[in-house]
Amino acid sequence: MSLSIPLSSPDITEAEVDAVTAVLRTPHLSLGPELAAFESALADYHSIPHAIAVSSGTAGLHIALLTLGVAEGDEVVVPSFAFIAVANAVLLVGAQPVFADIDPLTLNLTPSTVESALTPRTRAILAVHTFGIPADMRGLRELADRHQLVIIEDACEALGAELQQRRVGTFGDLSVFGFYPNKQITTGEGGAVLAHTQAHADRLRSLRNQGRSPQRRVSVDELGGRHPNPHAPHASAPASDWLHHPDIGFNYRLSEMACALGRVQLSRLDDILTLRRSAAERYQALLSDIPGLELPPLTLPVCTISWFVYVVRLPQGTDRARIQDLLANLGIATSTYFAPIHQQPAWREYIAPASTFLPVTESMGPRTLAIPFFNRITAHQQQQVAAALREAISLQA
Ligand SMILES: Cc1ncc(COP(=O)(O)O)c(C=O)c1O
(Lines give C-alpha, C1' and ligand atoms only; values in the text may rest on other atoms or scores of the structure.)
Protein backbone atom coordinates (compact mmCIF):
# COMPACT_ATOMS: atom_id res chain seq x y z
CA MET A 1 0.00 0.00 0.00
CA SER A 2 1.41 3.38 -0.95
CA LEU A 3 1.13 6.22 1.54
CA SER A 4 0.98 9.85 0.65
CA ILE A 5 2.70 11.86 3.33
CA PRO A 6 3.97 15.22 2.09
CA LEU A 7 6.98 17.01 3.48
CA SER A 8 4.89 20.00 4.43
CA SER A 9 1.30 21.07 4.07
CA PRO A 10 -0.34 24.47 4.57
CA ASP A 11 -3.05 24.66 7.21
CA ILE A 12 -5.87 26.77 5.79
CA THR A 13 -9.15 26.99 7.70
CA GLU A 14 -12.50 28.51 6.75
CA ALA A 15 -11.40 31.71 8.49
CA GLU A 16 -8.60 32.20 5.94
CA VAL A 17 -10.91 31.33 3.04
CA ASP A 18 -13.47 33.86 4.30
CA ALA A 19 -10.88 36.59 4.79
CA VAL A 20 -9.42 36.20 1.30
CA THR A 21 -12.87 35.96 -0.28
CA ALA A 22 -13.95 39.14 1.51
CA VAL A 23 -11.02 41.01 -0.05
CA LEU A 24 -12.05 39.82 -3.49
CA ARG A 25 -15.44 41.46 -2.94
CA THR A 26 -13.80 44.87 -2.49
CA PRO A 27 -12.08 47.11 -5.02
CA HIS A 28 -8.85 47.12 -2.98
CA LEU A 29 -6.56 44.32 -4.08
CA SER A 30 -3.26 46.06 -3.34
CA LEU A 31 -2.03 48.65 -0.81
CA GLY A 32 -5.29 48.61 1.11
CA PRO A 33 -6.55 47.97 4.61
CA GLU A 34 -5.37 44.37 4.81
CA LEU A 35 -1.76 45.48 4.32
CA ALA A 36 -2.11 47.99 7.14
CA ALA A 37 -3.80 45.40 9.37
CA PHE A 38 -1.23 42.65 8.66
CA GLU A 39 1.69 45.00 9.21
CA SER A 40 0.19 46.25 12.49
CA ALA A 41 -0.42 42.73 13.69
CA LEU A 42 3.15 41.70 12.88
CA ALA A 43 4.58 44.77 14.59
CA ASP A 44 2.37 44.27 17.67
CA TYR A 45 3.26 40.58 17.90
CA HIS A 46 6.92 41.57 18.07
CA SER A 47 6.42 44.73 20.14
CA ILE A 48 8.40 46.60 17.50
CA PRO A 49 7.34 49.89 15.87
CA HIS A 50 7.44 48.92 12.19
CA ALA A 51 6.64 45.90 10.02
CA ILE A 52 6.84 46.19 6.23
CA ALA A 53 5.18 43.38 4.32
CA VAL A 54 6.93 42.32 1.11
CA SER A 55 6.44 39.80 -1.67
CA SER A 56 8.94 37.21 -0.35
CA GLY A 57 11.64 36.59 2.20
CA THR A 58 14.22 37.05 -0.56
CA ALA A 59 12.76 40.46 -1.40
CA GLY A 60 12.91 41.32 2.29
CA LEU A 61 16.58 40.38 2.52
CA HIS A 62 17.34 42.41 -0.61
CA ILE A 63 15.78 45.64 0.61
CA ALA A 64 17.02 45.14 4.17
CA LEU A 65 20.60 45.03 2.86
CA LEU A 66 19.99 48.11 0.70
CA THR A 67 18.40 49.98 3.60
CA LEU A 68 21.41 49.31 5.80
CA GLY A 69 23.70 50.61 3.07
CA VAL A 70 25.45 47.32 2.30
CA ALA A 71 27.01 47.77 -1.13
CA GLU A 72 29.80 46.90 -3.52
CA GLY A 73 33.12 46.38 -1.78
CA ASP A 74 31.46 45.21 1.44
CA GLU A 75 31.55 41.71 2.81
CA VAL A 76 28.67 40.10 4.66
CA VAL A 77 29.21 37.07 6.87
CA VAL A 78 26.56 34.43 6.17
CA PRO A 79 26.06 30.74 6.90
CA SER A 80 26.59 28.30 4.06
CA PHE A 81 24.29 25.78 5.75
CA ALA A 82 21.23 27.80 4.76
CA PHE A 83 18.66 28.43 2.07
CA ILE A 84 20.37 29.86 -1.00
CA ALA A 85 18.54 33.21 -0.90
CA VAL A 86 20.67 34.16 2.10
CA ALA A 87 23.79 34.42 -0.05
CA ASN A 88 22.07 35.45 -3.28
CA ALA A 89 20.59 38.54 -1.62
CA VAL A 90 24.09 39.71 -0.70
CA LEU A 91 25.19 39.36 -4.32
CA LEU A 92 22.12 41.32 -5.44
CA VAL A 93 23.43 44.44 -3.68
CA GLY A 94 26.91 43.94 -5.16
CA ALA A 95 28.52 42.83 -1.90
CA GLN A 96 30.43 39.62 -1.27
CA PRO A 97 29.10 36.89 1.02
CA VAL A 98 31.75 35.31 3.23
CA PHE A 99 30.69 31.94 4.56
CA ALA A 100 31.19 31.06 8.21
CA ASP A 101 30.78 27.71 9.91
CA ILE A 102 28.00 26.70 12.27
CA ASP A 103 27.52 25.20 15.69
CA PRO A 104 26.98 21.42 15.40
CA LEU A 105 24.01 21.40 17.78
CA THR A 106 22.03 24.49 16.74
CA LEU A 107 23.31 24.60 13.12
CA ASN A 108 23.60 28.38 13.56
CA LEU A 109 26.45 30.84 13.14
CA THR A 110 28.24 31.53 16.42
CA PRO A 111 30.23 34.58 17.55
CA SER A 112 33.46 32.63 17.18
CA THR A 113 32.75 31.23 13.70
CA VAL A 114 31.72 34.71 12.57
CA GLU A 115 34.77 36.30 14.16
CA SER A 116 37.07 34.04 12.20
CA ALA A 117 35.40 35.19 8.95
CA LEU A 118 35.83 38.93 9.62
CA THR A 119 38.09 41.07 7.46
CA PRO A 120 38.55 44.85 7.24
CA ARG A 121 35.84 44.83 4.55
CA THR A 122 33.19 43.14 6.68
CA ARG A 123 30.14 45.37 6.95
CA ALA A 124 27.36 43.09 8.18
CA ILE A 125 26.41 39.78 9.73
CA LEU A 126 23.42 37.95 8.29
CA ALA A 127 22.33 35.68 11.12
CA VAL A 128 19.82 32.94 10.32
CA HIS A 129 17.74 31.17 12.98
CA THR A 130 18.14 27.81 11.31
CA PHE A 131 15.07 25.57 11.36
CA GLY A 132 13.51 27.82 14.02
CA ILE A 133 16.31 27.56 16.60
CA PRO A 134 17.41 31.00 17.76
CA ALA A 135 21.00 31.99 17.01
CA ASP A 136 23.08 33.56 19.79
CA MET A 137 21.98 37.12 19.05
CA ARG A 138 23.48 38.61 22.20
CA GLY A 139 26.90 37.19 21.41
CA LEU A 140 26.61 38.28 17.80
CA ARG A 141 25.51 41.78 18.82
CA GLU A 142 28.48 42.12 21.16
CA LEU A 143 30.80 41.07 18.30
CA ALA A 144 29.04 43.39 15.84
CA ASP A 145 29.34 46.35 18.20
CA ARG A 146 33.02 45.67 18.73
CA HIS A 147 33.64 45.75 14.98
CA GLN A 148 31.01 48.35 14.03
CA LEU A 149 28.97 45.93 11.97
CA VAL A 150 25.25 45.85 11.32
CA ILE A 151 23.16 42.72 11.86
CA ILE A 152 20.42 41.48 9.61
CA GLU A 153 18.43 38.85 11.39
CA ASP A 154 17.00 36.25 9.02
CA ALA A 155 14.03 34.91 10.93
CA CYS A 156 12.37 33.41 7.85
CA GLU A 157 12.31 30.00 9.52
CA ALA A 158 11.66 31.15 13.06
CA LEU A 159 8.47 33.18 13.50
CA GLY A 160 7.53 32.95 17.19
CA ALA A 161 10.89 31.66 18.45
CA GLU A 162 12.28 33.37 21.53
CA LEU A 163 15.63 34.01 23.10
CA GLN A 164 15.62 34.96 26.76
CA GLN A 165 11.88 35.59 26.46
CA ARG A 166 12.36 38.07 23.64
CA ARG A 167 11.02 37.24 20.18
CA VAL A 168 13.48 36.66 17.39
CA GLY A 169 13.19 39.35 14.78
CA THR A 170 13.72 42.08 17.37
CA PHE A 171 17.50 41.70 17.81
CA GLY A 172 18.81 42.72 14.39
CA ASP A 173 19.17 46.23 12.98
CA LEU A 174 16.57 44.85 10.61
CA SER A 175 15.00 41.43 10.50
CA VAL A 176 13.33 39.43 7.78
CA PHE A 177 10.52 36.85 7.75
CA GLY A 178 9.25 34.59 4.97
CA PHE A 179 5.76 33.19 4.48
CA TYR A 180 6.19 30.53 1.81
CA PRO A 181 3.64 27.68 2.21
CA ASN A 182 6.00 25.46 4.20
CA LYS A 183 6.52 28.11 6.87
CA GLN A 184 4.85 28.37 10.30
CA ILE A 185 2.39 30.82 8.72
CA THR A 186 1.88 31.39 5.03
CA THR A 187 0.67 34.09 2.69
CA GLY A 188 1.22 31.86 -0.36
CA GLU A 189 4.28 33.87 -1.28
CA GLY A 190 5.33 36.68 1.00
CA GLY A 191 7.55 38.05 3.68
CA ALA A 192 8.12 40.99 5.98
CA VAL A 193 10.88 43.18 7.33
CA LEU A 194 10.79 44.48 10.92
CA ALA A 195 12.39 47.84 11.65
CA HIS A 196 13.12 49.80 14.81
CA THR A 197 13.27 53.28 13.25
CA GLN A 198 10.96 55.43 11.14
CA ALA A 199 13.83 56.19 8.75
CA HIS A 200 14.38 52.51 8.04
CA ALA A 201 10.66 51.87 7.67
CA ASP A 202 10.31 54.75 5.20
CA ARG A 203 13.20 53.52 3.10
CA LEU A 204 11.89 49.95 3.10
CA ARG A 205 8.41 51.12 2.07
CA SER A 206 9.88 53.16 -0.75
CA LEU A 207 12.10 50.33 -2.00
CA ARG A 208 9.16 47.94 -1.88
CA ASN A 209 7.03 50.27 -4.01
CA GLN A 210 9.13 51.35 -7.02
CA GLY A 211 10.98 54.06 -5.12
CA ARG A 212 7.83 56.08 -4.51
CA SER A 213 7.69 58.28 -1.47
CA PRO A 214 6.87 56.10 1.50
CA GLN A 215 3.14 56.18 2.01
CA ARG A 216 1.99 56.79 5.48
CA ARG A 217 -0.08 53.96 6.90
CA VAL A 218 -3.41 53.70 5.16
CA SER A 219 -6.07 53.26 7.76
CA VAL A 220 -9.28 51.39 7.18
CA ASP A 221 -11.22 54.64 7.80
CA GLU A 222 -9.29 56.59 5.23
CA LEU A 223 -9.91 54.06 2.55
CA GLY A 224 -13.56 55.01 2.33
CA GLY A 225 -12.78 57.80 -0.07
CA ARG A 226 -9.08 57.72 -0.70
CA HIS A 227 -6.63 55.19 -1.98
CA PRO A 228 -2.84 55.38 -2.18
CA ASN A 229 -2.97 54.05 -5.72
CA PRO A 230 -5.08 56.50 -7.73
CA HIS A 231 -5.19 54.05 -10.59
CA ALA A 232 -7.05 51.57 -8.48
CA PRO A 233 -10.53 51.25 -9.96
CA HIS A 234 -12.41 52.99 -7.16
CA ALA A 235 -9.76 55.35 -5.86
CA SER A 236 -10.56 59.01 -5.59
CA ALA A 237 -7.25 60.38 -4.29
CA PRO A 238 -5.54 62.87 -6.58
CA ALA A 239 -3.06 61.21 -8.91
CA SER A 240 -0.38 63.50 -7.58
CA ASP A 241 2.49 61.22 -6.81
CA TRP A 242 1.74 57.70 -8.05
CA LEU A 243 4.02 58.23 -11.03
CA HIS A 244 6.63 60.22 -9.10
CA HIS A 245 9.70 58.15 -8.15
CA PRO A 246 12.25 59.90 -5.97
CA ASP A 247 14.22 56.68 -5.60
CA ILE A 248 15.04 53.47 -7.46
CA GLY A 249 12.92 50.64 -6.14
CA PHE A 250 11.19 47.39 -6.95
CA ASN A 251 7.75 45.90 -7.02
CA TYR A 252 8.01 43.89 -3.83
CA ARG A 253 4.45 44.66 -2.67
CA LEU A 254 2.27 42.03 -1.02
CA SER A 255 -1.31 41.80 -2.30
CA GLU A 256 -4.36 42.40 -0.15
CA MET A 257 -5.39 38.74 -0.57
CA ALA A 258 -2.01 37.60 0.74
CA CYS A 259 -2.15 40.05 3.64
CA ALA A 260 -5.63 38.86 4.61
CA LEU A 261 -4.40 35.27 4.58
CA GLY A 262 -1.37 36.22 6.67
CA ARG A 263 -3.42 38.21 9.17
CA VAL A 264 -5.66 35.23 9.94
CA GLN A 265 -2.73 32.83 10.02
CA LEU A 266 -0.87 35.11 12.43
CA SER A 267 -3.91 35.23 14.72
CA ARG A 268 -3.65 31.42 14.94
CA LEU A 269 0.11 31.34 15.50
CA ASP A 270 0.06 30.28 19.16
CA ASP A 271 -2.05 27.24 18.32
CA ILE A 272 0.07 26.48 15.26
CA LEU A 273 3.28 26.53 17.29
CA THR A 274 1.72 24.23 19.88
CA LEU A 275 0.70 21.73 17.19
CA ARG A 276 4.18 21.81 15.69
CA ARG A 277 5.87 21.39 19.03
CA SER A 278 3.68 18.35 19.79
CA ALA A 279 4.60 16.83 16.43
CA ALA A 280 8.30 17.35 17.18
CA GLU A 281 7.89 15.72 20.59
CA ARG A 282 6.16 12.73 19.00
CA TYR A 283 8.98 12.24 16.50
CA GLN A 284 11.49 12.46 19.33
CA ALA A 285 9.73 9.66 21.18
CA LEU A 286 9.42 7.54 18.03
CA LEU A 287 12.97 7.95 16.73
CA SER A 288 15.22 8.35 19.75
CA ASP A 289 16.30 4.70 19.93
CA ILE A 290 17.46 4.30 16.31
CA PRO A 291 21.19 3.61 16.54
CA GLY A 292 23.37 6.37 15.11
CA LEU A 293 20.45 8.63 14.21
CA GLU A 294 20.85 12.12 15.68
CA LEU A 295 17.72 14.13 16.40
CA PRO A 296 17.34 17.90 16.67
CA PRO A 297 17.36 19.30 20.21
CA LEU A 298 13.85 19.53 21.69
CA THR A 299 14.84 22.18 24.20
CA LEU A 300 17.76 24.52 24.60
CA PRO A 301 18.65 26.83 27.49
CA VAL A 302 16.96 30.27 27.36
CA CYS A 303 15.37 29.47 23.97
CA THR A 304 11.89 28.75 22.74
CA ILE A 305 12.16 26.88 19.45
CA SER A 306 9.62 27.63 16.72
CA TRP A 307 9.42 24.33 14.86
CA PHE A 308 9.82 24.94 11.13
CA VAL A 309 10.97 21.55 9.89
CA TYR A 310 12.04 18.31 11.55
CA VAL A 311 15.54 17.49 10.33
CA VAL A 312 17.37 14.37 11.48
CA ARG A 313 21.04 13.57 10.92
CA LEU A 314 21.52 10.12 9.50
CA PRO A 315 24.11 7.77 10.96
CA GLN A 316 27.63 8.40 9.62
CA GLY A 317 28.26 6.62 6.34
CA THR A 318 24.58 6.18 5.45
CA ASP A 319 23.61 6.41 1.79
CA ARG A 320 21.08 9.23 2.12
CA ALA A 321 19.85 9.04 -1.45
CA ARG A 322 19.03 5.35 -0.94
CA ILE A 323 17.06 6.16 2.23
CA GLN A 324 15.14 8.84 0.35
CA ASP A 325 14.35 6.41 -2.45
CA LEU A 326 13.08 3.81 -0.03
CA LEU A 327 10.83 6.31 1.67
CA ALA A 328 9.68 7.80 -1.63
CA ASN A 329 8.70 4.33 -2.81
CA LEU A 330 6.40 4.13 0.20
CA GLY A 331 4.94 7.56 -0.56
CA ILE A 332 6.85 9.46 2.11
CA ALA A 333 8.40 12.76 1.02
CA THR A 334 11.78 13.90 2.36
CA SER A 335 14.26 16.64 1.55
CA THR A 336 17.94 17.37 2.01
CA TYR A 337 17.86 20.59 4.05
CA PHE A 338 20.45 22.07 3.39
CA ALA A 339 23.01 21.46 0.70
CA PRO A 340 25.77 23.94 1.65
CA ILE A 341 25.57 27.06 -0.50
CA HIS A 342 29.30 27.18 -1.22
CA GLN A 343 29.00 23.73 -2.81
CA GLN A 344 26.06 24.65 -5.05
CA PRO A 345 26.91 24.63 -8.76
CA ALA A 346 25.86 28.25 -9.19
CA TRP A 347 28.14 29.30 -6.36
CA ARG A 348 31.44 27.60 -6.99
CA GLU A 349 32.65 30.34 -9.33
CA TYR A 350 32.25 32.99 -6.63
CA ILE A 351 34.32 31.16 -4.07
CA ALA A 352 38.04 30.57 -4.11
CA PRO A 353 37.92 26.86 -3.22
CA ALA A 354 40.82 26.96 -0.79
CA SER A 355 39.35 29.90 1.10
CA THR A 356 36.23 28.12 2.23
CA PHE A 357 36.80 25.51 4.89
CA LEU A 358 33.65 24.82 6.86
CA PRO A 359 34.10 21.46 8.59
CA VAL A 360 30.80 21.37 10.47
CA THR A 361 28.78 22.60 7.49
CA GLU A 362 30.48 20.13 5.17
CA SER A 363 29.94 17.22 7.54
CA MET A 364 26.26 18.09 8.16
CA GLY A 365 25.38 18.78 4.53
CA PRO A 366 25.35 15.14 3.36
CA ARG A 367 23.73 13.76 6.53
CA THR A 368 20.68 15.90 7.15
CA LEU A 369 17.25 14.72 6.14
CA ALA A 370 13.97 16.60 6.58
CA ILE A 371 11.04 14.27 7.16
CA PRO A 372 7.31 15.09 6.87
CA PHE A 373 6.37 17.85 9.30
CA PHE A 374 3.30 20.09 9.32
CA ASN A 375 0.59 21.34 11.68
CA ARG A 376 -1.89 18.56 11.05
CA ILE A 377 0.43 15.58 10.68
CA THR A 378 -1.23 12.77 12.61
CA ALA A 379 0.37 10.52 15.18
CA HIS A 380 -0.40 7.63 12.84
CA GLN A 381 1.42 9.29 9.92
CA GLN A 382 4.39 9.95 12.16
CA GLN A 383 4.45 6.30 13.22
CA GLN A 384 4.49 5.29 9.56
CA VAL A 385 7.35 7.69 8.81
CA ALA A 386 9.29 6.48 11.84
CA ALA A 387 8.80 2.81 10.96
CA ALA A 388 9.89 3.39 7.37
CA LEU A 389 12.96 5.37 8.42
CA ARG A 390 13.92 2.76 11.00
CA GLU A 391 13.64 0.01 8.42
CA ALA A 392 15.57 1.98 5.76
CA ILE A 393 18.42 2.72 8.17
CA SER A 394 18.57 -0.87 9.41
CA LEU A 395 19.01 -2.10 5.83
CA GLN A 396 22.26 -0.18 5.70
CA ALA A 397 23.59 -1.10 9.13
C1 LIG B 1 16.54 31.32 6.04
C2 LIG B 1 15.76 31.75 4.83
N3 LIG B 1 16.02 32.95 4.28
C4 LIG B 1 15.36 33.38 3.20
C5 LIG B 1 14.39 32.62 2.61
C6 LIG B 1 13.71 33.13 1.37
O7 LIG B 1 12.35 33.28 1.53
P8 LIG B 1 11.38 33.24 0.22
O9 LIG B 1 11.36 31.85 -0.27
O10 LIG B 1 10.07 33.72 0.77
O11 LIG B 1 11.95 34.20 -0.77
C12 LIG B 1 14.07 31.37 3.14
C13 LIG B 1 13.01 30.56 2.51
O14 LIG B 1 12.81 29.43 2.70
C15 LIG B 1 14.79 30.91 4.27
O16 LIG B 1 14.55 29.71 4.80
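By the naming in an unreviewed UniProt entry, the protein goes by DegT/DnrJ/EryC1/StrS family aminotransferase and is assigned to Telmatobacter sp. DSM 110680. Quoted straight from UniProt, the Sequence similarities (unreviewed entry) entry for the protein says "Belongs to the DegT/DnrJ/EryC1 family."

Considering the domain arrangement of the protein
Size of an interface, as often reported, equals the accessible area lost when the parts are brought together. Segmenting the protein into domains produces domain 1 (14-267) and domain 2 (269-396). Each side of the interface is counted separately: domain 1 has 40 residues, and domain 2 has 34 residues. Carbon and sulfur atoms supply 67% of the area that domain 1 and domain 2 bury against each other, a total of about 3,200 Å² over both sides. In this structure, the connection of domain 1 to domain 2 is made through zero salt bridges. At the boundary of domain 1 with domain 2, the tally comes to 15 residue pairs in polar contact (both at pLDDT 80 or more). Contributing elements (two or more residues each) for the side of domain 1 that touches domain 2: helix H4 (85-92), strand E3 (96-100), strand E6 (162-163) and helix H8 (256-267). By residue number, the principal contributor to the side of domain 1 that touches domain 2 is E3, which donates four residues. Residues belonging to the side of domain 1 that touches domain 2 are distributed by class as follows: 24 nonpolar, 11 polar and five charged.

Overview of the pairing of strand E4 (residues 122-128)
Judged by how many residues are buried, E4 sits mostly within the fold: six of seven residues are covered. By the bridge criterion, three bridges tie strand E2 (residues 75-79) to E4 in an arrangement that is parallel. Its bridge partner lying in E4, valine 76 is registered against alanine 124. The pairing of E4 with strand E5 (residues 150-154) spans five bridges and is parallel. Note on E5: the bridge partner recorded for isoleucine 125 is isoleucine 151. Once you follow E4 into helix H6 (residues 137-146) and on to E5, the crossover reads as right-handed.

Section: the site of the ligand
Taken together, the neighbourhood of the ligand is formed by 13 residues, with Gly57, Thr58, Asp154, Glu157 and Lys183 sitting nearest. Notes on the ligand: free accessible area 390 Å², of which the protein chains cover 91%. When residues in the shell around the ligand are grouped by element, the largest group, three residues, is from helix H3 (residues 57-67). Of the residues that constitute the shell around the ligand, the class distribution is six nonpolar, four polar and three charged.

Examining the packing of aromatic side chains
Two measures describe an aromatic ring pair: the distance that separates the ring centres and the angle between the ring planes. Tallied over the full model, the rule gives 14 aromatic pairs. Connected via pairs of aromatic rings, a cluster forms that spans Phe81, Phe83, Phe131, Phe308, Tyr337 and Phe338. Taking the ring centre of phenylalanine 171 as reference, the NZ or CZ of arginine 166 above it sits at 4.1 Å. Over the ring of tryptophan 242 we find arginine 212; its NZ or CZ atom is 3.5 Å from the centre of that ring.

Concerning the packing of H3 against H4
Packing of H3 against H4 leaves a shortest axis separation of 9 Å and a crossing angle of 40°. When the axes of H3 and H4 are compared, the pair comes out oblique. Considering the relative orientation of H3 and H4, their crossing is right-handed. Contacts from Thr58, Leu61, His62 and Leu65 in H3 reach Ala85, Val86, Ala89, Val90 and Leu92 in H4. Tallied by class, the residues present in the contact of H3 with H4 amount to seven nonpolar, two polar and no charged.

With respect to the pairing of E3
For E3, the buried fraction is high: four of the five residues fall into the buried class. Here five bridges tie E2 to E3, and the two strands are oriented parallel to one another. The partner of valine 78 across the bridge, within E3, is phenylalanine 99. Between the parallel pair E2 and E3, the chain is carried across by H4, and the sense of this crossover is right-handed.

A closer look at the sheet that holds E5
Ordered in space as E1-E9-E8-E5-E4-E2-E3, the seven strands form an open sheet in which the pairing is mixed. For this open sheet the edge positions go to strand E1 (50-54) and E3, each flanked by a neighbour on one side alone. Here the average twist between neighbouring strands, direction ignored, is 25°. Relative to strand E9 (residues 191-195), strand E8 (residues 174-178) runs antiparallel, the two being bridged by five bridges. Each bridged residue has a counterpart across the sheet, and for serine 175 the counterpart in E9 is leucine 194. Here helix H2 (residues 33-46) sits on the sheet and contacts E1, E8 and E9; the angle it forms with E1, its principal contact strand, is near 130°.

Thoughts on unusual backbone geometry
Tyrosine 337 connects to phenylalanine 338 through a cis peptide bond whose omega is -10°. You can see phenylalanine 338 is positioned in the loop between helix H10 (320-329) and helix H11 (359-364). Phi angles above zero are rare outside glycine, and glutamine 148 is one such case at about 50°. Classification of glutamine 148 by relative accessible area gives exposed; the value is 71%. A positive phi angle is found at glutamine 164, which is not glycine, with a value near 45°. Summarising the element assignment, glutamine 164 is placed in the loop between E6 and strand E7 (166-167).

Comments concerning the UniProt feature "modified residue: N6-(pyridoxal phosphate)lysine" (unreviewed entry) in the protein
Here, UniProt's "modified residue: N6-(pyridoxal phosphate)lysine" (unreviewed entry) annotation points to Lys183. By the element assignment, lysine 183 lies in the loop between E8 and E9. On the accessibility criterion, lysine 183 (15% relative accessible area) is buried. Setting aside anything within four residues of it in sequence, one finds lysine 183 in contact with Cys156, Glu157, Gly178, Arg276 and Phe308.

About the cut-offs
- Residues numbered from 1 in each chain as written.
- Predicted model: local features only at pLDDT ≥ 70, side-chain atom pairs only at ≥ 80, totals over all residues.
- Heavy atoms only, no water.
- UniProt positions renumbered as here; feature names shortened; annotations may be inferred.
- Domains from an automatic or database assignment.
- Contact = heavy atoms within 4.5 Å.
- Buried area = accessible area lost by both parts, 1.4 Å probe.
- Salt bridge = Lys/Arg side-chain N within 4 Å of Asp/Glu carboxyl O.
- Polar contact = N/O pair within 3.5 Å; in protein donor to acceptor, adjacent residues only side chain to side chain.
- Helix = DSSP H or I, 4+ residues; strand = E, 2+ residues; numbered from the N terminus.
- Nonpolar A, V, L, I, M, F, W, Y, C, P; charged D, E, K, R; others polar.
- Buried < 20%, exposed > 50% of the residue type's maximum accessible area, 1.4 Å probe, protein only.
- Pairing = 2+ DSSP bridges.
- Right-handed = clockwise from strand over helix to strand, strands pointing away.
- Near = heavy atom within 4 Å.
- Areas by Shrake-Rupley, 256 points an atom, 1.4 Å probe, with all protein chains shown as cover.
- Phe/Tyr/Trp six-rings, centres within 6.5 Å; stacked < 30°, edge-to-face > 60°.
- Lys NZ or Arg CZ within 6 Å of the ring centre and 35° of its normal.
- Axes fitted to C-alpha atoms, helices over the stretch in contact; angles between N-to-C directions.
- Parallel < 35°, antiparallel > 145°, perpendicular 65-115°, else oblique.
- Left-handed = near helix turned anticlockwise from the far one by under 90°.

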